[in-house]
Structure formats: C-alpha cells, structure tokens
Amino acid sequence: MGLRVLIVDDSPLMRTVVRRVMLLSGVEIDLCSEASNGLEALEWLHNHPVDLVLTDINMPQMSGADLLREMKRTGLLARIRTLVISTDSTDHRIHDMIELGAHGYVTKPFHPEALRQELDRVLGNEYAG
Amino acid sequence: MLADSSVITRADVDALIVTAAAQVLEKMFFTGIETSGNEGDIKMDSPVQVELHFDGPLSGALRLQIDEQVARSLGSSLTCLEPDEFSRDCCVQLAGELANMICGCLLSHLEPEANLALTPPVETPEPTGAKTGIRRWFCLPEGELIIHFLLEPICDSSPPARVSS
C-alpha cells in the first residue's frame, strides 16, 4: 500500500513543485492532496487518512508551526510523519520545528535529491521506491 | 558568509546577491547565470515585478523583475507544465517564489542566525528608477532577471563602517 500525502503551502506553484518531486522520487504514493494553509490542512487531516504531511512554515490563517502544535494536541502527530519545507535555514528555526514534532526539515532552495534523501530518512524503508 | 559579520559593505552585499541568485537558480531551476552587472538598462517586453520586505536585526526589501516569457520558461521546466499552460498568474507566483528564496538565501549569508521576518511577496508596479540600494541584472540562458536590494543601513565600500556590533 502506498503513501497518502498532504502538501501544505500557500503557493500553488510550490505545491505543484513538491507534488512533482514526490511523484518522481520513486516513493509509492496512493494519494497526494493539497492545502493552502494550516487550517485547511487540519480540516483534511480530521476527515481523511494521511501518512505524511509536507508543510511550509509561513502561511496565512494558520502557520506550519501552529499546524504542528494542533496536530500534537489532537494526537495526529503520533501517527502522521511530518516534513517541513521552508526558506528559513537558521538553526534555531529548524530546532524549533523539530521540538514541535516535525520529523524532518528541508530548506528551500533544494535539489530534488535532497528532498528524496530526507523523505527516505523520515519514512524509513516502509515506503521506499 | 562574511569574514567579519559586524561590517557589511555595499560590495559585500552585491557579491552575496550574486551568490544567492546563483544558488537558487542552480538548485531549483537547473539553470545558471551567464553574465551579470550593475549598470545599464534592461528592457523587458512584459515585465513582472514582485517585492517583499524583511525586518529584524536587518531591515529592508528585495524587488525582483522578470519578463513573463522568462518566468514561463523557468516555471514550465520546474513544474513540467507546458509553457502555454503557465498563465501570467503563475508567472507572478514564480517571481514571488524566486524573490522569496533569493532573499532568504541572501539573508542567511548576511545574518546566519538572525530571526528575520519576511513578508509574502506581492506584485508591484514597474520600478520608478530608484537610486538607492543595489541593483543587479542577470543574464540567464532563458533571458534576463533584475534584483533590486535595499538594506538599512548600508555603507559605501570605502571606508567601511560598522553596521552592527
């Protein structure tokens, strides 16, 4: 059975880019959904099974950090892997997001291979292509 | 990264603009800079301009100008959409993402651990030819790109002065 993925970013272009990289990564994917902010993402997560969330940080209505906080508070974080994709490359930001429960972090700009490597690390061998 | 991060000169920032642009273009767009410069006029048939601001230990703005056709070319290779599927709205989004990534990369070199807040990039009217800040044009295989970077404060190259302790 393949992955059920949710891509969260306020930029439709970046969601397309991440979706393309995911599909080319070789990881087996059953479903790839999208949300434009943390609030939309939470609504989807509460109503649909998801295995992996890839999220930006700075988004309107609800940020990636607040999304992680809510996922932790509602128990979603215990069963959903999360990977942050952001232009913020500072150590303190990366540390903050990992402390909030993110399983991985990729800085923009990124080589598609870098995203693939982080996916492999976050997912382990379960969904390897 | 600057050798002495407490002294930022105009020449330092100009060099970092080139470094940041090259990194972003190579990693995300699989393209490179053929030539670049500060002087001269670049005419664009259908320019798209976006601007974002940043605040924190460093404050300022970055404006990026790119021709629609160049944005379409970069964007279609990035997304695998056909060029005619890449609307003007997509071109504006691409310009915004490019500005966001170049600014983030540039600021990470200037102040690696600073807590900086970047505003979302927004489309703006064409530039009025402002004389402040650093303006650099880039010639890519796909066409031209202009970045206008304003940092408060910024020193002339001689003599350099402390910007922050």
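Residues numbered from 1 in each chain as written. Chains lettered and ligands numbered in written order. Predicted model: local features only at pLDDT ≥ 70, side-chain atom pairs only at ≥ 80, totals over all residues. Heavy atoms only, no water.

S.K.: What is the right way to read the overall build of chain B from this model?
M.R.: Within chain B, the regular secondary structure consists of three helices and seven strands. In chain B, the succession of helices and strands from N to C terminus is α-β-β-β-α-α-β-β-β-β. Here chain B, with 165 residues, has 52% of them falling under the buried criterion. Relative to all contacts within chain B whose residues are 6 or more apart in sequence, the contacts with residues 24 or more apart total 71%. Summing over all exposed atoms, chain B offers an accessible surface of approximately 7,600 Å²; the carbon and sulfur share of this is 51%. (Helix = DSSP H or I, 4+ residues; strand = E, 2+ residues; numbered from the N terminus. Buried < 20%, exposed > 50% of the residue type's maximum accessible area, 1.4 Å probe, protein only. Contact = heavy atoms within 4.5 Å. Areas by Shrake-Rupley, 256 points an atom, 1.4 Å probe, with all protein chains shown as cover.)

S.K.: Explanation requested: the nonpolar core in the structure shown.
M.R.: One finds Leu54(A), Phe29(B), Leu64(B), Ile66(B), Leu98(B), Leu110(B) and Phe149(B) to be the most contacted residues of the largest nonpolar core, which totals 68 residues. If one sorts the elements of this core by residue count, helix H3 (residues 88-110) of chain B sits on top with 14 residues. Apart from residues lying up to four places away in sequence, Ile66(B) is in contact with Met44(B), Ser46(B), Pro47(B), Val48(B), Ala71(B), Leu74(B), Ala95(B), Leu98(B), Glu144(B) and Leu145(B). In this structure, Leu45(A), Val50(A), Ala65(A) and Met97(A) belong to the second largest nonpolar core, which totals 23 residues. (Core = buried A, V, L, I, M, F, W, Y, C linked by side-chain atoms within 4.5 Å.)

S.K.: Any chance you could explain the packing of helix H3 (residues 64-73) of chain A against helix H4 (residues 91-100) of chain A here in plain terms?
M.R.: A pair of packed helices is captured by two measures, namely the crossing angle of their axes and the spacing between those axes. Residues and elements named next belong to chain A. Put simply, H3 and H4 touch, their axes get as near as 9 Å, and they point 20° apart. By the angle between their axes, H3 is roughly parallel relative to H4. Note on element contacts: H4 touches H3 through Met97, Glu99 and Leu100, opposite Gly64, Ala65, Leu68, Arg69 and Lys72. Class assignment for the residues of the contact of H3 with H4 results in four nonpolar, one polar and three charged. (Axes fitted to C-alpha atoms, helices over the stretch in contact; angles between N-to-C directions. Parallel < 35°, antiparallel > 145°, perpendicular 65-115°, else oblique. Nonpolar A, V, L, I, M, F, W, Y, C, P; charged D, E, K, R; others polar.)

S.K.: I tried to follow the pattern of salt bridges on my own but got confused; where do I start?
M.R.: Should their charged atoms come close, side chains of opposite charge can pair. The final tally for this structure, using the stated rule, is 16 salt bridges over all chains. A salt bridge links Asp66(A) to Arg69(A), with the nearest nitrogen and oxygen atoms 2.5 Å apart. One end of the pair is Asp66(A) and the other is Arg69(A), both in helix H3 and three residues apart, which spans about a single turn. The partner of Glu118(A) in a salt bridge is Arg121(A), with the nearest N and O atoms 2.9 Å apart. Of the two residues, Glu118(A) and Arg121(A) are both situated in helix H5 (residues 112-123); the distance of three residues between them amounts to about one turn of the helix. Overall, the relative accessible area of 14% leaves Glu118(A) in the buried class. The structure contains a network of salt bridges with shared partners spanning Glu68(B), Arg72(B), Arg88(B) and Glu123(B). (Salt bridge = Lys/Arg side-chain N within 4 Å of Asp/Glu carboxyl O.)

S.K.: For this particular structure, what's the right way to read the packing of aromatic side chains?
M.R.: Think of a pair of aromatic rings as described by two things: how far the centres are apart, and how the planes are tilted against each other in angle. All names here are of chain B. Within the structure shown, the criterion is met by one aromatic pair over all chains. Each ring, one from Phe54 and one from Phe149, has its centre 5.6 Å from the other, and the planes form 15°; the classification is stacked. Placement of the pair is Phe54 in strand S2 (residues 47-55) and Phe149 in strand S7 (residues 143-152), with a sequence separation of 95 residues. Each member of the pair, Phe54 as well as Phe149, is classed as buried. (Phe/Tyr/Trp six-rings, centres within 6.5 Å; stacked < 30°, edge-to-face > 60°.)

S.K.: Help me understand the sheet that holds strand S4 (residues 81-86) of chain A, please; the structure alone is not making it clear to me.
M.R.: Sheet strands pair by backbone hydrogen bonding; their relative direction is either parallel or antiparallel. All names here are of chain A. The sheet built from five strands is open, its strands ordered S2-S1-S3-S4-S5 with parallel pairing. This sheet does not close on itself; its edge strands, each paired only once, are strand S2 (29-35) and strand S5 (104-107). When strand polarity is set aside, the average angle formed by the axes of neighbouring strands in this sheet is 20°. Taken together, the four bridges between strand S1 (residues 3-8) and strand S3 (residues 52-55) define a ladder with parallel strand orientation. Across the sheet, Val5 pairs through a bridge with Leu52, a residue of S3. Against the sheet, helix H2 (residues 38-47) engages S1, S2 and S3, with an angle of about 160° to S1. (Pairing = 2+ DSSP bridges.)

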